Amino acid sequence: MPASNVFAVQPHVAAADAALAEPLAVAIHAVDRAELKQSSTALVVGAGPIGILIGLVAADRGCRVLVSEPRDPRRRLAERLGFQAVPSDPSLVTGVREATDGVMSDIVFDCAGHPAIAAELSAVTRVRGTIVLAGLYSTPTAVDLHALTFAEQHLLGSRICTDNDLRQAVVIIESDTLNLSRIATRTFALEEVDAAFAAASRGDIVKAMINPR
């Protein structure tokens with residue numbers, strides 16, 4: 001590993017907390033791309049590791065955070081963290097409209113990467129709002145460019161992170177600014193890899209750690 005790719009962490013930081021540096025840096029990068037303003041409303045679609053961390057970073061910067069997540073364990077975690085869960089039944093658009101008195105969300109972070117979500121991104125974003133694609137789509141997906149144009153919305157991609165994002169993440173973890181122990185994590189032995197993937201897939205935990213020792 002090149003030395004320039006290694007970031008020192010203070011000795012008091014637990015390994016499980018330090019392991020969150022990379023996904024936290026990805027979340028910081030996405031939030032920075034959005035250029036959030038204090039008191040903005042941010043909608044996070046998908047409460048997986050990146051979505052939860054984006055929500056925490058956005059809330060720390062003074063935003064109201066809405067979360068859309070179909071899996072019960074992850075939705076309950078989002079609510080425990082102080083986020084407002086937005087129902088997607090009968091539609092996400094209806095849920096966001098009711099939560100924002102019809103204004104819709106200032107910023108939308110798509111962490112789901114699902115075609116059904118892509119179709120609603122413009123509709124859940126306010127006029128001249130910002131959409132950040134923080135999830136990866138596995139195939140080309142339809143987006144309503146007509147709606148984006150008429151609402152004069154910003155559509156941004158967010159990919160991985162920079163060195164500066166990682167440095168910020170390490171500082172946050174060392175100072176425990178976001179109290180990341182609230183996030184549901186679990187450490188598995190090397191021979192429990194299958195169980196780790198299964199627990200993460202079910203949404204029982206946000207992040208699975210593997211300790212080969």
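Scroll up for the structure.
Here the structure is a predicted model, which is why all the values come from computation and not from measurement.

Cut-off values and rules
Residues numbered from 1 in each chain as written. Predicted model: local features only at pLDDT ≥ 70, side-chain atom pairs only at ≥ 80, totals over all residues. Heavy atoms only, no water. Axes fitted to C-alpha atoms, helices over the stretch in contact; angles between N-to-C directions. Helix = DSSP H or I, 4+ residues; strand = E, 2+ residues; numbered from the N terminus. Parallel < 35°, antiparallel > 145°, perpendicular 65-115°, else oblique. Left-handed = near helix turned anticlockwise from the far one by under 90°. Contact = heavy atoms within 4.5 Å. Nonpolar A, V, L, I, M, F, W, Y, C, P; charged D, E, K, R; others polar. Salt bridge = Lys/Arg side-chain N within 4 Å of Asp/Glu carboxyl O. Buried < 20%, exposed > 50% of the residue type's maximum accessible area, 1.4 Å probe, protein only. Core = buried A, V, L, I, M, F, W, Y, C linked by side-chain atoms within 4.5 Å. Disulfide = S-S within 2.5 Å.

## Digging into the packing of helix H2 (residues 21-34) against helix H3 (residues 49-60)
Inference 1: Here H2 crosses H3 at 55°, and the two axes come no closer than 8 Å. In terms of their interaxial angle, H2 and H3 are classed as oblique. When the axes of H2 and H3 are compared, the crossing they make is right-handed. On H3, the residues touching Pro23, Leu24, Val26, Ala27, Ile28, Ala30 and Val31 of H2 are Ile50, Leu53, Ile54, Val57 and Ala58.
Inference 2: Grouping the constituent residues of the contact of H2 with H3 by class yields twelve nonpolar, no polar and no charged.

## As for the pattern of salt bridges
Inference 1: A complete count under the given rule lists five salt bridges for this structure.
Inference 2: A salt bridge links Asp204 to Arg202, with the shortest nitrogen-to-oxygen separation between them at 2.7 Å.
Inference 3: The exposure class assigned to Asp204 is partly exposed, which follows from its relative accessible area of 40%.

## Examining the nonpolar core
Inference 1: Counting 42 residues, the largest nonpolar core has Leu24, Ile52, Ile54, Leu56, Phe109 and Leu180 as its most contacted members.
Inference 2: Elements with a contribution of two residues or more to this core: H2, strand S1 (41-45), H3, strand S2 (64-68), helix H4 (72-80), strand S4 (105-110) and helix H8 (163-175).
Inference 3: Top contributing element to this core by residue count: H2, with eight residues.
Inference 4: Ignoring anything within four residues of it in the chain, the contact list for Leu24 reads Leu53, Val57, Ala169, Ile172, Ile173, Leu178 and Leu180.
Inference 5: Of all hydrophobic cores here, the second largest spans 15 residues; its members include Val45, Val96, Ala99 and Val108.

## Considering the state of the cysteines
Inference 1: Taken as a whole, this structure holds zero disulfides when the rule is applied.
Inference 2: This cysteine, Cys63, is not joined by any disulfide, and Cys111 carries the nearest cysteine sulfur, 14 Å off.

## Regarding unusual backbone geometry
Excluding glycine, residues mostly carry a negative phi; peptide bonds, for their part, are mostly trans.
Inference 1: Of the consecutive residues Asp89 and Pro90, the connecting peptide bond is found in the cis state with omega at 10°.
Inference 2: Positioned with a positive phi, Ser39 is a non-glycine residue whose angle comes to about 75°.
Inference 3: Looking at the secondary structure, you find Ser39 in the loop between H2 and S1.
Inference 4: Note on Ser39: relative accessible area 61%, which makes it exposed.

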